[in-house]
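# Analysis of the macromolecular model
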Amino acid sequence: MPQPTTPSHDSQSEAKPAAASPTPTPGTSTAPSQLGPETRPSGELDHLAFLYRQMLLIRRIEEECARAYAEGKIGGFLHLYIGQEAVGVGAVAALKPEDYVITTYRDHGIALAKGMPARAIMAELFGKATGCSKGLGGSMHMFDREHNMLGGYGIVGGHIPLAAGVAFASKYRGDGKVTLCFFGEGAVSIGGFHEGLSLAALWKLPIVFICENNEYSMGTPLSRSMSVEDVTTKALGYGIDRDRFFASDVLEVEQRIAEAVQRAREQSLPTLVEIRTYRFRGHSMSDPAKYRTQAELEEQKKKDPMHRARARLSAGGYAETRLKALEEDVETEVADAVKFANESPEPDASLLEETTYSGPFAY
Amino acid sequence: MPRTLRYREAIREAMIEEMERDANVFLMGEEVGHYQGAYKVSEGMLEKFGAKRVVDTPIAESGFAGIGVGAAMVGLRPIIEFMTWNFSAVAFDQILNNAAKVRQMSGGQFTCPIVFRGPNASARQVGSQHSHAMEHFYATIPGVKVIAPAFPADAKGLMKAAIRDDNPVLVMESETLYSFKGEVPDDQDVIPFGKATIPRAGTDVTIVAYSRMTHVALDAAAALAKEGIEAEVIDLRSLRPLDEDTIIRSVQKTHRCVVVHEGWPYGGVGAEIADRVQRLAFDSLDAPILRVTSLDVPMPYNATLEQMCIPQAPRVVAAVKRVVARTSSFTPSGN
Ligand SMILES: Cc1ncc(C[n+]2csc(CCOP(=O)(O)OP(=O)(O)O)c2C)c(N)n1
């Protein structure tokens, strides 16, 4: 139970980083997930295939989003996750279905990873009544009660205290659920991040804070927004565990987030994790990304974790025919989602009243 | 059997009864537990319910307001106390963008059954940063409900309704009312939102007020009666929803309307009421609708100047006299 009135300071004094927070080098980890594929049980290869499929689905859905946006079928802001798929897919894979996920406006990928149907996501983007939020939320607000996807939020950092509240409720009820809260490195400068972490640390809430450091907050590199290079140093001030690594390998993401999830579930302790990643597209559709060079982008694309996962599958003996079948299956799912969104009806204006208040407004 | 309770005791009773009724209800805020509440509203509650349900927070309004919203989304029913509503300014984003929006942006999948409460508007000489009438900022937001009781019985019944409501409800209390005593029925039940009361009936003018200004309006009405002007005082109790019917019916009878509230004259609840009255009772009006508000300046510290800025009964009396004098047909009774 939360014990705010008898704050125990032991957590502060005993706090030690979960990982020494070295500057990680992609591909040099000796984590179990890095074992050669030949030593990996075939079940694990199937698991990797599942994760690869999820990453591919996200990428292909979002490529279609970009197309639909250009055609005017999707409006407003559209923030793509392309390049970052291994973060959401790997992290969510470490959860149980009943665990909670909350993220920012860059939310389609994480929503798909959490099990939300592509149809509901695409229809939401098209503003249709069949969308997950009935076409009232749009790109930045993916919610699904059934999958415990608690939304995408448009105000940078505003959802971080809210995520702590969800974890507070889990502790209050003792329901054993863990909350994953995603945000960009740009959010580390705003108050909501600090108040959320501070309270989660004080009350020992079962939550994992995942900073997706994609190097740019719109056009601002981390070096121009923070006085330190390592986001996880912020954990030291709150006395919570921390971890920091590159999202080059989706299995490594899963395994390292699983450690933090376990700490949350078994000891009810929060963790701050910085996962270093890179977005291949602009901040949103209107961003030509002039703040970085084409060479930098190409260099990053060579390290694409999704392609890496495919290569690992091939090397591990996962038959090319099976890979092709999997990829065709994704194409079918994407085409179906787009068709579904196109053909779905617009929401009725009568929805507005009933979704503003629950029950009668006045009695 | 009605008992006499102070306003703060009425609110405390409502919270205690609802916490006994539903284990999902908890109270969270600065100094609500060990300190017994900055204004002693939650006195004794920590001892009664323990630290799990009466949760002291650090000074982090945005943080604990957000914690409340998140907890409410997944089924708890938090009561979040702001030491005063002034400090909710740093949590405004949580109320505006999360509490009020989560239902619509999730297509109705998630609701936010939360109460935000605390003292609002002027206290005594607490200066410009601690005297805000915050209800005007909040009453404009669809997705929240805003209530502002003036009497202990209403405070209890409305607070119980607020805790049971499935939406974010913002309860505007008043430091200057906490010690105000009133009769509260033993079995004070839930009072529904959106129903005003008429604590004083009259025929010559309608004075619309809420929270502490209801008492100022009643003082003004008593003074006016001595001069033969019978004012009808409406105590709104709830600002969103707003009991338009009671206001309109009264104005159709009195043909004149004065609105009294704390907070500045630019926009706000009074302007909203003036708009509704001119739209819905245009043909009934014999005079422009006047508003008696705080003056259009930051609240000064100096006691005399502060009292000058806050609406007082003589200002209400003067406004009433102006609207009443508009019609030649009016002859004060007794003249
Ligand atoms: C409080 C607030 N300020 C500004 C913005 C506008 N804005 C939207 S996204 C963004 C950059 C955020 O970057 P980061 O947190 O690194 O996340 P990323 O977009 O890279 O995923 C800004 C400034 C906002 N949405 N909210």
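Definitions and cut-offs
Starting afresh in each chain, residues are numbered from 1 along the sequence in its written order. To read the labels, note that chains go from A and ligands from 1, taken in the order they are written. Owing to the predicted nature of the model, reporting of local features is limited to residues with pLDDT of at least 70; listing and counting of side-chain atom pairs is limited to 80 or more, with chain, interface and lining totals taken over all residues. Hydrogens and water molecules were not included; the side-chain quantities draw on all heavy atoms of the structure. The near set for a molecule or strand comprises every residue that places at least one heavy atom within 4 Å of it. Two N or O atoms count as a polar contact when they lie within 3.5 Å, although within protein this holds only if one can serve as hydrogen donor and the other as acceptor, and sequence-adjacent residues are included solely when both atoms are side-chain atoms. Values of accessible area rely on a 1.4 Å probe in the Shrake-Rupley scheme; residue burial ignores everything except the protein chains shown. Note that Gly is not counted as nonpolar here; it falls among the polar residues with everything else outside the nonpolar set of Ala, Val, Leu, Ile, Met, Phe, Trp, Tyr, Cys and Pro and the charged set of Asp, Glu, Lys and Arg. Per-residue accessibility, obtained with a 1.4 Å probe over protein chains only, is compared with the maximum for each type, and a residue is labelled buried under 20%, exposed over 50%, and partly exposed between these values. Strands are runs of DSSP state E lasting at least two residues, helices are runs of H or I lasting at least four, and both sets are numbered from the N terminus onward. Every residue pair with non-hydrogen atoms within 4.5 Å of one another is taken to be in contact. Accessible area that two parts lose when put together, evaluated with a 1.4 Å probe and summed over both, is termed the buried area. What counts as a salt bridge is simple: a side-chain nitrogen of Lys or Arg found within 4 Å of a carboxyl oxygen of Asp or Glu. Residue ranges labeled as domains rest on an automatic or database domain assignment. Only buried Ala, Val, Leu, Ile, Met, Phe, Trp, Tyr and Cys residues count toward a nonpolar core, and they belong to the same one when joined by side-chain atoms within 4.5 Å. Here a strand pair is declared whenever DSSP counts at least two bridges between the two strands. Angles here are taken between N-to-C directions and fall from 0 to 180 degrees, while the axes themselves are lines fitted to C-alpha atoms, restricted in helices to the stretch in contact.

The next thing to look at is the site of the ligand. Residues and elements named next belong to chain A. Within the structure, the ligand sits among 15 residues, and Tyr-105, Arg-106, Gly-154, Gly-186 and Asn-214 are positioned closest to it. One of the side-chain nitrogen or oxygen atoms of Tyr-105 is found 2.8 Å away from an oxygen atom of the ligand. One of the side-chain N or O atoms of His-283 is found 3.3 Å from an oxygen atom in the ligand. Protein burial of the ligand: of its 590 Å² of free accessible surface, 72% is covered by the chains. Considered class by class, the residues forming the shell around the ligand number 7 nonpolar, 6 polar and 2 charged.

As a further point, take helix H5 (residues 118-125) of chain A. Each α-helix turn comprises 3.6 residues. Residues three or four places apart therefore point the same way. Residue and element names in this part refer to chain A. Of all 8 residues in H5, 7 are buried, a share of seventy percent or more. Of the residues making up H5, those classed as buried are Ala-118, Ala-120, Ile-121, Met-122, Ala-123, Glu-124 and Leu-125. Positive phi shows up at Gly-127, right after H5, with a value of about 70°.

What follows is about the interface of chain B and chain A. With 57 residues of chain B at the contact, the number on the chain A side is 43 residues. Interface area for chain B against chain A, summed over the two sides, is near 4,100 Å², with a carbon-plus-sulfur share of 63%. Connecting chain B to chain A are 0 salt bridges. Inspection of the region where chain B meets chain A yields 23 residue pairs in polar contact (both at pLDDT 80 or more). Listing elements by their share of the side of chain B that touches chain A, those giving two or more residues are strand S2 (25-29), strand S3 (54-56), helix H3 (61-73), helix H4 (92-99) and helix H5 (102-105) of chain B. For the side of chain B that touches chain A, the leading source of residues is H3 of chain B, giving 10 residues. Considering only residue class, the side of chain B that touches chain A consists of 26 nonpolar, 20 polar and 11 charged.

Below, the discussion takes up unusual backbone geometry. Residue and element names in this part refer to chain B. A cis amide bond links Arg-240 to the next residue, Pro-241, at an omega of 5°. Considering the arrangement of structural elements, one finds Pro-241 in the loop between strand S12 (238-240) and helix H9 (244-254). Here the phi dihedral of Gln-36 falls at roughly 75°; this positive angle occurs in a residue that is not glycine. Examined against the element boundaries, Gln-36 turns out to sit in the loop between S2 and helix H2 (45-49). Given a relative accessible area of 16%, Gln-36 falls into the buried group. Residues other than glycine seldom take positive phi values, yet Ala-121 does so here, at roughly 65°. Looking at where Ala-121 falls in the secondary structure, it is placed in the loop between strand S5 (115-119) and helix H6 (135-139).

As a further point, take the domain arrangement of chain B. As a measure of interface size, the accessible area lost when the parts come together is often cited. Residues and elements named next belong to chain B. Domain annotation for chain B reports domain 1 (2-185) and domain 2 (197-325). The junction of domain 1 with domain 2 conceals about 2,300 Å² of combined surface from both sides, 58% of it contributed by carbon and sulfur atoms. For the pair domain 1 and domain 2, the interface holds 1 salt bridge. Salt-bridge contacts for Arg-237 lead to Asp-154; the nearest nitrogen and oxygen are separated by 2.9 Å. Linking domain 1 to domain 2 there are 16 residue pairs in polar contact (both at pLDDT 80 or more). With 4 residues, the single largest contributor to the side of domain 1 that touches domain 2 is H6. Tallied by class, residues from the side of domain 1 that touches domain 2 come to 18 nonpolar, 10 polar and 4 charged.

Before going further, it helps to examine the nonpolar core. Membership of the largest hydrophobic core comes to 89 residues, with the highest contact counts inside it found for Phe-168 and Phe-183 of chain A together with Phe-116, Leu-236 and Val-277 of chain B. For this core, the element with the highest residue contribution is helix H6 (residues 159-173) of chain A, accounting for 9 residues. Shared between two domains, this core holds at least three residues of each, these being domain 1 (2-185) and domain 2 (197-325) of chain B. Excluding residues that lie within four positions of it along the chain, Val-277 of chain B makes contacts with Ile-247, Ile-248, Val-251, Cys-257, Phe-282, Leu-285 and Ile-289 of chain B. Counting residues in hydrophobic clusters, the runner-up holds 72 residues, among them Ala-68, Ile-110, Val-178 and Ala-264 of chain A.

So, on to the sheet that holds strand S4 (residues 207-213) of chain A. Residue and element names in this part refer to chain A. Pairing is parallel across the open sheet formed by 6 strands, whose spatial order is S2-S1-S3-S4-S8-S7. The open sheet has two free edges, formed respectively by strand S2 (149-153) and strand S7 (241-246), since each of these has just one partner strand. Strand-to-strand twist across the sheet, computed as the mean angle between neighbouring axes with direction ignored, equals 15°. Pairing of S7 with strand S8 (residues 271-276), which is carried by 6 bridges, proceeds in the parallel orientation. Bridge pairing links Asp-241 to Thr-271 in S8. The strands touched by helix H7 (residues 191-202) are strand S3 (179-184), S4 and S8; relative to S4, the strand with the most contacts, the crossing angle is about 150°. Relative to S7, helix H9 (residues 250-267) is tilted by about 170°, and along the sheet it contacts S3, S4, S7 and S8.

For the rest of this paragraph, the subject is the pairing of S2 of chain A. Residues and elements named next belong to chain A. Counting buried positions over the 5 residues of S2 gives 5, a clear majority of the element. Sheet topology places strand S1 (residues 100-104) next to S2; 3 bridges connect them, and they run parallel. Of the residues in S2, the one forming a bridge with Thr-103 is Gly-152.

With that settled, the discussion passes to the pattern of salt bridges. Enumeration over the complete set of coordinates arrives at 47 salt bridges over all chains. Close ionic contact of Glu-274 of chain A with Arg-244 of chain A constitutes a salt bridge, the shortest N to O distance being 2.7 Å. One end of the pair, Glu-274 of chain A, is in strand S8; the other, Arg-244 of chain A, is in strand S7, with 30 residues separating them in the sequence. A salt bridge links Arg-164 of chain B to Glu-18 of chain B, with the nearest nitrogen and oxygen atoms 2.8 Å apart.

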